[in-house]
Every structure is written in C-alpha cells, then in structure tokens.
Amino acid sequence: MTVESELRAAIAAGQLELHYQPQLCLDDRSLAGMEALVRWRHPRLGLLAPGRFVPLAEDCGLIWELGLAVMDLAVAQLAAWDRAGLQVPRIAVNVSPAQLRPELVERIVEILERHGIDACRLEIELTESALTADGPAANGLLQALRRMGASIAIDDFGVGYSSLTLLRRLPISALKIDRSFVAELASNRQDAAIVEAILRMAHSVGLRTVAEGVEHAEQQAALGVLGCQEGQGYLFARPLDARAASAWLAAQC
Ligand code: G
Ligand code: G
Ligand code: MN
Ligand code: NA
C-alpha cells in the first residue's frame, strides 16, 4: 500500500486523534481556549506527529478529508466537554491553505449544527503562507467565515512575509506570536523589542494576541508586562490527549 492510500484508509478507520493544548488568559490564568493538534495513531508505527503526515496530505489532496475529520473531532470534543460540565470557551483548529475552498464554510456550518456548537466558539488558525499564497480568493472565504461567527487567528506570526499588509486587508481576529520570538524574550533585548512592537501594532488595530511556546515563568511575566493577552506553552500544559485534557480541565474547576 502507498502511504497515500494508507492515510486515506486511516482517516476512514478513525485512526486520527486530536491532542489539545490550553490557551490561557495571562492576567488571571483562566482558560481562553484549547488548540486541537492532530496525530495519527498508526497501527505499526505508533503515534505520529502532524509533521509526518500533514505535508503528505497537503501534497496528495487528502488534506480536505483530513481537515474535515479534524474539524468534526474537535467540535465533537467541545460538545462532549459541554455535556461533562467542563468549561472550554473556544476550540482552535489548524487549517491548511489547501482547505480554503468555498465549500469549507458550509461544511463547517454543518459540523457545528450537528454538534450543537455556536460558531463564535470556533477559532481557525491559518499560517501567513496560507494567506499570501492566494490573496483575493482567501479574503472572500475568510469574510464568509467571519460572517458565520468564527474567529480567525494567524499562526506563527512574524516568521512569514507581508505580515502588515495581511493585517490591513484580511478579517483577522487574533495573532499568535511565533515561539521563536518568545524563546529568548526574557534575555534578548532585540527579541523583546520585536515582541513589544508586534503587540503594540496588534492591539492598535484591535487584534487579540496569543504568545506561543511559553515555557518559563520569566517569559510569562515579560509577556504580561508587555500586555499580551493569552499564552500557550509547556509552562501551562503540553498538548494532552482527550482523556488527559479532560482531567486537566476538571482540575482547573
Ligand atoms: O502538535 P505538533 O507540535 O507536532 O504540531 C506541529 C504542527 O502541525 C503545528 O504547527 C500545526 O500547525 C500543525 N498541525 C497540527 N494539527 C493540525 C491539523 O489538524 N491540521 C493542519 N493543517 N495542521 C496541523
Ligand atoms: O500550530 P502550531 O505550529 O503553533 O502548533 C503548536 C506546536 O508547538 C505543537 O507542535 C506543540 O507541540 C508545540 N508547542 C506547544 N507548546 C510549546 C512550548 O512551550 N515549547 C515548544 N518548543 N513547543 C511547543
Ligand atoms: Mn496552531
Ligand atoms: Na504555531
């Protein structure tokens, strides 16, 4: 079997699973949302990280099916947490450039309705490359997602191109500052200056800010001083499987 047909069969067989990483409000450590991160529970190779199969799915066109499976699992998990009385304001789902087809909006609406989840609790994470590759077409689709009620975050912000143009042109709700800028935030004055500039710019145009890769209390403190609203990283929690994420949530209450 080729890897492609193996992945196609794996999606159908339910071998994809999601892990979840909390995103916290930095002022009071309350939960802002959970980011869903896909893994492939491979029968022989064990648990595979997205880097092992997402690029392949993008190349062979399977990313459409994979993306819908991920969206369904993520929204279903949010509904399950609701039923369990575990409060999760928002679920963030990564979406690849190749998923930005017009039908995406109706498919997401169908998934949300089937699970009884309001669109305002869905955040779609897109990389800058997703937005630069296909400017005008992506813009129309993003407008439709916003009208539907979902929010849109730019992932890995700062490592791509034409960041400032994107902010002006596209209906973005939030910026996720790439973890490479956060890594030495507390010790490198240049990185601190870059993060400060990103935050000032983002807030001045009304964008919410999320810092990625927060690993140390010093980073959290520096981000708090600079006014970053949310943080995500090993300091708070690693990506957790559904069971561990539910236990983590239960421990927060
Ligand atoms: O979980 P991990 O740290 O291995 O994630 C690595 C990368 O894989 C992340 O940067 C994320 O953007 C990407 N990724 C994770 N889950 C998904 C997904 O469901 N769809 C897409 N397109 N990318 C994902
Ligand atoms: O979508 P994105 O590329 O941002 O996916 C998040 C990735 O970052 C996941 O692969 C996750 O495992 C990883 N990650 C999450 N928190 C941390 C952290 O604190 N430090 C580092 N180095 N990686 C992290
Ligand atoms: Mn992401
Ligand atoms: Na990221």
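Residues numbered from 1 in each chain as written. Chains lettered and ligands numbered in written order. Predicted model: local features only at pLDDT ≥ 70, side-chain atom pairs only at ≥ 80, totals over all residues. Heavy atoms only, no water.

The protein has the name Response regulator receiver modulated diguanylate cyclase/phosphodiesterase in an unreviewed UniProt entry, where Thauera phenylacetica B4P is given as its organism.

K.L.:
Go over the site of ligand 2 with me, naming the residues and quoting the values.
P.N.:
In the vicinity of ligand 2 lie 14 residues, with Gln-21, Asp-155, Arg-179, Glu-215 and Tyr-234 positioned nearest. In the environment of ligand 2, an oxygen atom lies 2.8 Å from a nitrogen or oxygen atom belonging to the side chain of Asp-155. More than half of the atoms belonging to ligand 2 lie within 2 Å of the grid points that define the largest pocket. Going through the elements one at a time, strand 2 (31-42) and strand 6 (151-157) are the ones with two or more residues in the shell around ligand 2. Residue composition of the shell around ligand 2, grouped by class: four nonpolar, four polar and six charged. (Near = heavy atom within 4 Å. Polar contact = N/O pair within 3.5 Å; in protein donor to acceptor, adjacent residues only side chain to side chain. 1 Å grid on protein atoms, 1.4 Å probe; cavity = no way out; pocket = protein on both sides within 12 Å on 5 of 7 lines; lining within 4 Å. Sits in = over half its atoms within 2 Å of the grid points. Helix = DSSP H or I, 4+ residues; strand = E, 2+ residues; numbered from the N terminus. Nonpolar A, V, L, I, M, F, W, Y, C, P; charged D, E, K, R; others polar.)

K.L.:
So what's going on with the site of ligand 1? Which residues, and what values?
P.N.:
In the region of ligand 1, the neighbouring residues are Leu-37, Val-38, Arg-39, Pro-50, Val-54, Val-70, Asn-94, Ser-96 and Asp-155. Separating a nitrogen atom of ligand 1 from a backbone N or O atom of Val-38 is a distance of 3.0 Å. A distance of 3.4 Å separates a nitrogen atom of ligand 1 from a polar backbone atom of Asn-94. Alone, ligand 1 offers 510 Å² of accessible surface; in the complex the protein occludes 71% of this. No other element matches strand 2, which puts three residues into the shell around ligand 1. Tallied by class, the residues present in the shell around ligand 1 amount to five nonpolar, two polar and two charged. (Areas by Shrake-Rupley, 256 points an atom, 1.4 Å probe, with all protein chains shown as cover.)

K.L.:
Go over helix 4 (residues 103-115), please, and point to the residues and values.
P.N.:
In an α-helix there are 3.6 residues to a turn, and that puts residues three or four apart on one side. For helix 4, with 13 residues, the first-to-last C-alpha span of 19 Å sits near the 18 Å given by 1.5 Å per residue. Among the residues of helix 4, Leu-104, Val-105, Ile-108, Ile-111 and Leu-112 are the ones counted as buried. Angularly, the buried residues of helix 4 cover 130° about the axis, an arc narrow enough to put them on a single face. Facing away from the buried surface of helix 4 by more than 90 degrees, the exposed residues are Glu-106 and Glu-113. One or two steps after helix 4, the chain reaches Gly-116, where phi turns positive at roughly 70°. (Expected span 1.5 Å × (residues − 1). Buried < 20%, exposed > 50% of the residue type's maximum accessible area, 1.4 Å probe, protein only. Arc of directions from axis to C-beta.)

K.L.:
Residues and numbers for the coordination of the sodium ion (ligand 4), please.
P.N.:
Summarising the metal site, the sodium ion (ligand 4) is bound by the protein donors Asp-155 (OD), Asp-156 (OD), Glu-212 (OE) and Glu-212 (OE), whose distances to it range over 2.0 to 3.0 Å. Sequence positions of the donors to the sodium ion (ligand 4) reduce to the motif D-D-x55-E. A separation of 4.2 Å is found between the sodium ion (ligand 4) and the manganese ion (ligand 3), which are bridged by Asp-155. One end of the pair, Asp-156, is in strand 6; the other, Glu-212, is in the loop between strand 8 (208-211) and helix 10 (217-226), and 56 residues separate them in sequence. A residue is classified by how much of its surface remains accessible, and Glu-212, at 7% relative accessible area, is buried. (Donors = N, O, S within 2.8 Å, 3.2 Å for Na, K, Ca; no water.)

K.L.:
So what about the coordination of the manganese ion (ligand 3)? Which residues, and what values?
P.N.:
At the metal site, the manganese ion (ligand 3) is ligated by Glu-35 (OE), Asn-94 (OD1), Glu-125 (OE) and Asp-155 (OD), and these contacts range over 2.0 to 2.5 Å. Here the donor residues for the manganese ion (ligand 3) map to a single chain with the spacing E-x58-N-x30-E-x29-D. By relative accessible area, Asn-94 is classed as partly exposed at 29%.

K.L.:
Any details on unusual backbone geometry? Residues and values, ideally.
P.N.:
Positive phi outside glycine occurs at Arg-29, with the angle close to 65°. Looking at where Arg-29 falls in the secondary structure, it is placed in the loop between strand 1 (16-25) and strand 2. At Asp-156, a residue that is not glycine, the phi angle is positive and equals roughly 55°.

K.L.:
If you had to explain the layout of surface pockets to someone new, which residues and values would you point to?
P.N.:
By volume, the largest pocket amounts to about 810 Å³. Lining the largest pocket are 35 residues; nearest its centre among them are Glu-35, Leu-37, Pro-50, Asn-94 and Asp-155. The greatest single-element share of the lining of the largest pocket, amounting to five residues, is contributed by strand 2. Residue classes in the lining of the largest pocket are distributed as 15 nonpolar, ten polar and ten charged. (Points joined across faces, edges and corners; volume = space filled by probe spheres on them.)

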